[in-house]
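Single-letter residue listing:
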Amino acid sequence: MARTMTWDSSGRPGWSRRRRSDRPLAVRALACAIGLALVVPLVGASAGPAGAATMSPVLTTTATTDLGATQPIDFTVTGVPTGTALVAVECTVQALSLGEDACNSRRNTLVFAGASGSASGSFVPSPELSTALGNIDCTQPSADCLFGVASIAGSGGTSVIGAKAITFAPGVTATSPSGRSTYPRPPLHPRSSAPLSGPKITEGHPLSATVSAGLAPQLSSASDITGPNLPAPDQSAPSTPVAGQGIIELTMAAPRTSWESTSHRAVVVDVSVNRGPAQQIVCFAGASPFTYAGFTGTLTTGNHPVSVTVDRTLSSTGSLPPTVRLVHLQVEVVAPSNPYYDRVAYAPVVYGRTDTARNDTPLLTYANEGPAPGGTQALSYTTIWSREAAGTSFVPFLEWGEWGRMTDITETVALGVGAGGSIIAPTYDSCGCTGSPATQNEVSLLEEEVPFSGSYFDQTHAVVRNASGNDYQSQSGTTAFRIQQVPVPGPAAGATRASVMDTSPWTYLISAQESSRWYTNGTHSPLSPEIGDARQYAIIDLATSVQDVSATAVAIRLSGSNRWYTSDFGSGFPLRDGGHGRTVVKLPLGWEHRPVTSVRLIYYPSGPNPVVKDVNIQVLGLTSAYTIEHISLPAIEVVPSASASSGATTGAIARPAPARSRPR
């Protein structure tokens with residue numbers, strides 16, 4: 001899900017959009033665009049909406065030298081089309097030279113141009129930056145840090161407005177505070193019903209045990225496999241051994257760690273069954289008992305040796321000795337007669353990036369299965385990652401607004417299963433990467449489903465490597481993180497990919513924890529497009545059919561106020577057009593205690609005969625405990641953007657999707 005950076009005939013960068021299932025977009029590095037300003041500072045040609053007149057944008061700023069640790073740079077951009085999104089970021093010359101989204105920007109400021117074609121904002125640069133080259137101390141003269149502004153226009157074009165060098169005043173150090181976020185932190189751990197008990201496993205003291213593998217149950221829901229509770233119990237081993245696909249489920253807690261922490265994030269555990277290759281489990285749920293499930297390959301019911309080892313080298317616990325409590329351990333066999341057998345039998349081995357225990361970790365893998373021509377079965381596997389490390393998430397407004405979430409969801413492997421279990425036409429989602437794991441955080445160059453010709457584990461499990469910052473794969477190379485997640489059921493027919501998160505809402509919590517420590521200029525103001533508390537966002541599941549419409553947005557009004565809160569902040573930025581997908585509306589904290597009194601679908605005409613029909617809207621909310629609730633809605637108004645801005649209520653009326661009431 002990324003926007004791909006291209007170059008037009010004039011040498012200017014531009015965004016190209018590639019259509020794929022569920023309207024994924026591929027994103028190329030915004031930092032590349034900012035880098036051009038080093039060559040032609042303070043000059044750029046606007047790529048505004050189709051038909052807009054060519055304008056000459058100009059950037060002006062307050063001082064960018066001898067800055068205090070929390071001193072803002074105030075900036076103004078003039079001469080850009082109305083509604084243009086303008087993003088201010090900080091980077092370094094060296095990182096930009098990589099030609100990728102190498103800045104890993106933890107803060108940016110997003111503003112929209114008003115009717116006068118101008119916009120103003122404020123940005124607080126950080127004395128220390130995190131980039132693909134490592135942490136950069138911007139207080140050092142050799143750092144070459146810079147401040148820049150680029151436009152992301154509604155047509156999909158982009159242009160550089162300008163950039164200026166940054167220097168800090170004497171006495172400012174890399175460790176100086178730089179205006180960190182003030183919005184509320186999420187809970188430290190997912191809630192669990194499993195009691196905290198069991199042996200402790202520490203470095204140098206692995207657990208070795210012989211475990212009897214019984215038969216797996218039907219595995220009809222995600223909670224049967226993984227989550228903050230104990231797994232579904234297996235059936236006793238039959239007297240006659242049964243061969244099938246093995247699963248190991250470990251309910252573990254990692255004391256004094258949390259995915260929200262900047263220093264004590266996660267313990268990594270190496271797990272082996274029958275002395276087979278060790279798989280790594282990142283205990284991202286922290287100190288709360290949580291069930292992690294991995295497949296083992298072919299296994300027979302009966303007794304098997306199991307080894308569970310704490311891996312200090314891979315763990316991200318700072319000075320804290322990595323420790324886990326093993327609350328529950330279960331090994332089971334998915335028999336060929338089990339309806340879920342094929343989904344486990346062909347699940348991929350995915351090697352994680354070397355930072356998998358710190359950022360962008362795999363939360364869930366889900367499997368879709370269905371009939372294919374010729375009597376075969378089609379299988380595909382998709383992974384939900386805690387946060388996209390490069391790409392759309394560079395500007396959280398885009399990630400939230402285009403997808404309704406801050407996780408990254410990417411397909412890894414797809415294949416057909418023929419008679420006798422043969423593999424037919426396997427494919428994987430290639431990143432187009434040619435480098436080694438050392439260049440793993442680059443933005444994918446290809447993002448295309450291509451034939452798989454790589455290796456297999458135990459004959460049926462394709463082996464791929466997460467080779468890019470936006471979570472696309474390579475079929476070659478390995479890392480120290482060998483991930484063998486047992487797939488959970490995929491989305492129901494007609495549902496979005498994110499609906500899998502709704503059935504495992506702890507995924508929203510882990511993603512929020514990572515966002516809270518990564519983005520350092522968040523705000524809970526509902527009028528700001530900067531990232532806020534995840535529970536502020538009403539998740540909008542939106543399906544429409546449109547013609548002569550460039551963009552759609554959703555607006556919500558709450559009881560006790562006449563203010564409208566809109567998914568695009570009134571900008572007209574094309575986060576959504578037609579089709580089925582998700583977006584969000586940022587609301588005041590505590591909005592869950594106020595009924596929704598009005599809902600509008602706002603459309604922006606792009607031709608003489610705009611049509612909006614087949615409107616279906618559902619609104620979901622995250623409770624304070626990170627559970628999902630469906631919100632009751634009034635009738636939905638469908639209005640053109642001009643009417644919406646003037647407060648009129650003209651337009652067709654669409655009935656809301658059925659929803660149950662939120663307890664008040």
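Here, the structure is the one placed above.
Everything quoted here is computed from the prediction, not taken from an experiment. (Residues numbered from 1 in each chain as written. Predicted model: local features only at pLDDT ≥ 70, side-chain atom pairs only at ≥ 80, totals over all residues. Heavy atoms only, no water.)

### Digging into the sheet that holds strand S37 (residues 611-622)
The pairing of strands in a sheet happens through backbone hydrogen bonds and is either parallel or antiparallel.
Then, in step 1: Read from one edge of the open sheet, 4 strands run S35-S32-S37-S38, paired in antiparallel fashion. Strands at the two margins of the open sheet, each flanked by one partner only, are strand S35 (579-586) and strand S38 (628-630). For this sheet the average axis-to-axis angle between neighbouring strands, irrespective of direction, equals 30°.
Then, in step 2: As defined by bridge partners, strand S32 (residues 537-547) adjoins S35 across 8 bridges and the pair is classed as antiparallel. Directly across from Ile539, in S35, lies its bridge partner Val584. (Pairing = 2+ DSSP bridges. Helix = DSSP H or I, 4+ residues; strand = E, 2+ residues; numbered from the N terminus. Axes fitted to C-alpha atoms, helices over the stretch in contact; angles between N-to-C directions.)

### Concerning the pairing of S32
Then, in step 1: The pairing of S32 with S37 spans 8 bridges and is classified as antiparallel. In the sheet register, Ala543 faces S37, and the bridge partner there is Asn616.

### Re the pairing of strand S17 (residues 279-282)
Then, in step 1: Burial of S17 is two-sided: the residues Gln279 and Ile281 facing one way and the residues Gln280 and Val282 facing the other way are all buried.
Then, in step 2: What sits between strand S16 (residues 268-273) and S17 in their antiparallel hairpin is a turn of 5 residues, with Asn274 showing a positive phi close to 60°. (Buried < 20%, exposed > 50% of the residue type's maximum accessible area, 1.4 Å probe, protein only.)

### Overview of the side chain of Gln513
Then, in step 1: Looking at the element boundaries, Gln513 is found in helix H6 (residues 506-518).
Then, in step 2: Sequence-distant contacts of Gln513, that is, excluding residues within four places in its chain, are made with Pro186, Pro187, Leu188, His189, Ser258, Trp259, Glu260 and Phe284. (Contact = heavy atoms within 4.5 Å.)

### Quick word on the packing of aromatic side chains
The relation between two aromatic rings is expressed through the spacing of the ring centres and the mutual angle of the planes.
Then, in step 1: Summed over all chains, the structure comprises 13 aromatic pairs.
Then, in step 2: Relative to Phe397, the ring of Phe112 has its centre 5.3 Å away and its plane inclined at 70°; by these criteria the two rings are edge-to-face. Of this pair, Phe112 sits in strand S7 (residues 109-112) while Phe397 sits in helix H4 (residues 396-403), and the two are 285 residues apart along the sequence.
Then, in step 3: Relative accessible area serves as the criterion here: at 18%, Phe112 is assigned to the buried category.
Then, in step 4: For Phe397, a relative accessible area of 5% puts it in the buried group. (Phe/Tyr/Trp six-rings, centres within 6.5 Å; stacked < 30°, edge-to-face > 60°.)

### Describing the sheet that holds strand S4 (residues 58-61)
Then, in step 1: Taken in spatial order, the 3 strands line up as S4-S5-S8 in an open sheet, and their pairing is antiparallel. The open sheet has two free edges, formed respectively by S4 and strand S8 (118-123), since each of these has just one partner strand. The average undirected angle you get between the axes of adjacent strands in this sheet is 20°.
Then, in step 2: Summarising the sheet, S4 and strand S5 (residues 73-78) pair through 4 bridges and their orientation is antiparallel.

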